[in-house]
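Coordinate analysis (summary)
So you can see what is in the structure, the chains are spelled out below.
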Amino acid sequence: MDGVRVGNRIIGADSPVTVGWENIPKVEGGPFKRAFFTWFQPTMLLALVAFWYYAPNDIAKASTAIWIGIGVKLFMMALEVMSPRHTSWNITWKELVTDLFYVGISYTLVRLAGKYFGDDAMIELIRNAFDWSTFAWFVALPLLLQAFLISFIFDFGQYWMHRGMHNWHPLWLTHAPHHYITQLNVHKGAVGNPVELFLIGLGIGGFFDFLPRAALLAGSLGLAVGIYQHINVRFNSPSWWRFLFNTTEHHSVHHSQDYEGSRSNYSGTWIIIDRMFGTCVDGEAELLGMEGGRRMSVGETMVYPFTEGWRSFKERFGRREPVAVPAE
Amino acid sequence: MTPRFIDWIWHIRGNVALAPGQSSEEAFERLSPLFQEINTSHERTDDTLTFRKKKQAPQDKMSIFDWGILAIEPGVDGSTLRYHLTSRALLACFLAPFLFLAIGAATVGIGTLEKPPTAEAKKEAEAAEKKLAAVPMNPIDKFLGAPEPEKPDEKKKKEEAEKAKAANGKDKKKEEEEKKGPSPTPAYVFAGIFATLYVGGRILEDWLIKRLFRKRLAGA
Ligand SMILES: [Zn+2]
Ligand SMILES: [Zn+2]
């Protein structure tokens, strides 16, 4: 394969990646269908922002956000069935069960562990060691600016954590299982080793208890953009959307079997962060995964960082067998 | 051997009638693409086929099955394909609700060990909250009509009112939650989801595999 030059890298040399928006297929169909798949994403974003901006205090609560999240995911599952992007990514019973298993584990076990010695415990420590009233200037900013800053700064941190995972072996071991997914579906974001979830920091929302409305607004940005990272639906996203935000296309390149392709598009929400640091590839891929698309079982996913870590450790520091020198 | 009365949990058995005059050779020929998939091995004799699959790709039409035997039996009114397949995915899904019930029970158990926050920590947090709440809302937000944030005093009053309600026994749940820490409800919800998925999957996959064999045998 030849691949395509993007910046100073060759993308798509190991596995097919389509580069450039002009080469990406569009949603086919009648005018209503095309309009729907063009305007759906901006409309949902605007609706969510307006909702959280104006919702009365009794409604603007984390529990409401959880219910909205569940509702949006159910709707996206229906869209996947009605209008799949690639038939090779179609959801099956087995895929749904495995995906939901990871969702279930992160909602229960990971959350429980996080409460006692993970993010929550850490957040509590930091919060107690800090005088939050110094943040008064931030609270005086317009709400939408507060929300944007929370979302952008948080995503900036995620960008570097994610990029670090792809460049430093010990971190990579926790993230690698997520890259064994071979297709994108609504719940695929949850697939991976639970240790990764600690590093990515699911409980980060706890930091912003003192800014409930701004945090909820920032969260809705994450939902209205982040949800499209893993989904089997094709949208004709407007070009400004693709310029600013991460999309299914971007994230499919990140999951591609192509090595250089997978080292692109690290951000969660704001793809402009990738543009800033030269890691953005505008394109898409259908063939996803590692090792030629080998499916990793649930069991292997749970132990991979430890077994693989132990193996690399032994390789590096273990006793080396004397190399046999062939007699001449 | 596992007794039959429980092995239906992860074993699927069934049969499909062959078209009149279809030989076992022809039938297996038509089914053979299913066993050419990646990570699939199979052995064939004249009238039986045994296969094994591991690390199945999601695109494999038989991805839920790990092992199986297909036999063609002659009968008075034509031959029949009888199959017996096993699925670890079905077994795992059957067991998943028990795992989540256990997680729920553990959540309750851990919750009873939790100590409420110290009065001092609570006071400090409240003081910081009060200072932040004193910051006036940005004029832009006032102009656009966003609701004013709740003042900590109001919040406290509301909380106290709720507590009084709880004392009346009306809203005891909330008080208990505060005392005991994390709620086990999500774990129980997931137990329910997996129980439903199991029942749905056991019926769906049974039907899908029969349809797949029938279609293949008919030459589609
Ligand atoms: Zn990655
Ligand atoms: Zn991903």
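Provided above is the structure to which this section pertains.
In what follows, the accompanying structure is described. Remember, it's a predicted structure, so these values are computed and weren't measured experimentally. (Residues numbered from 1 in each chain as written. Chains lettered and ligands numbered in written order. Predicted model: local features only at pLDDT ≥ 70, side-chain atom pairs only at ≥ 80, totals over all residues. Heavy atoms only, no water.)

**Digging into the packing of aromatic side chains**
- Applying the stated criterion across every chain yields a total of 34 aromatic pairs over all chains.
- For the pair A:Phe245 and A:Trp270, a centre-to-centre distance of 5.1 Å together with 55° between the ring planes defines the contact as tilted. With a gap of 25 residues between them, A:Phe245 in the loop between α11 (239-244) and α12 (248-254) and A:Trp270 in the loop between α13 (259-262) and α14 (272-277) connect regions that are remote in the sequence. Both residues of the pair, A:Phe245 and A:Trp270, count as buried.
- An angle of 55° between the planes, with centres 6.1 Å apart, marks the rings of B:Phe94 and B:Phe98 as tilted. Residue B:Phe94 and its partner B:Phe98 are both found in helix α3 (residues 88-111); the two are separated by four residues, about one turn of the helix.
- By relative accessible area, B:Phe94 is classed as partly exposed at 25%.
- Site record: aromatic cluster; members linked through ring pairs are A:Phe32, A:Phe36, A:Phe37, A:Phe40, A:Phe75, A:Tyr228 and A:Phe235.
- Over the face of the ring belonging to A:Trp21 we find A:Arg242, whose NZ or CZ atom lies 4.5 Å from the ring centre. (Phe/Tyr/Trp six-rings, centres within 6.5 Å; stacked < 30°, edge-to-face > 60°. Helix = DSSP H or I, 4+ residues; strand = E, 2+ residues; numbered from the N terminus. Buried < 20%, exposed > 50% of the residue type's maximum accessible area, 1.4 Å probe, protein only. Lys NZ or Arg CZ within 6 Å of the ring centre and 35° of its normal.)

**Here we look at the interface of chain B and chain A**
- Contact with chain B, which involves 42 residues of that partner, is made by 42 residues of chain A.
- Both sides together, the interface formed by chain B and chain A hides about 3500 Å², and carbon and sulfur atoms give 69% of it.
- The interface formed by chain B and chain A includes zero salt bridges.
- Listed by contribution, the elements that provide at least two residues to the side of chain B that touches chain A are α3, α4 (119-133), α5 (139-144) and α8 (185-217) of chain B.
- At nine residues, α8(B) tops the list of elements feeding residues into the side of chain B that touches chain A. (Contact = heavy atoms within 4.5 Å. Buried area = accessible area lost by both parts, 1.4 Å probe. Salt bridge = Lys/Arg side-chain N within 4 Å of Asp/Glu carboxyl O.)

**Side note on the sheet that holds strand β4 (residues 67-73) of chain B**
Residues and elements named next belong to chain B.
- Read across the sheet, five strands follow the order β1-β5-β4-β3-β2 without closing on themselves; strand pairing throughout is antiparallel. Lying at the two open borders of the sheet, with one neighbouring strand each, are β1 (11-17) and β2 (40-44). Between one strand and the next, the sheet's axes are offset by a mean angle of 15°, whatever the strand orientation.
- Bridge count for β2 against strand β3 (residues 48-53) is five bridges, and the pairing is antiparallel. Each bridged residue has a counterpart across the sheet, and for serine 41 the counterpart in β3 is arginine 52.
- Packed on one face of the sheet, helix α2 (residues 24-31) meets β2, β3, β4 and β5 (80-86) and runs near 150° to β4.
- Here α8 sits on the sheet and contacts β1, β4 and β5; the angle it forms with β1, its principal contact strand, is near 35°. (Pairing = 2+ DSSP bridges. Axes fitted to C-alpha atoms, helices over the stretch in contact; angles between N-to-C directions.)

Don't take any of this as a statement about function, it's just geometry.
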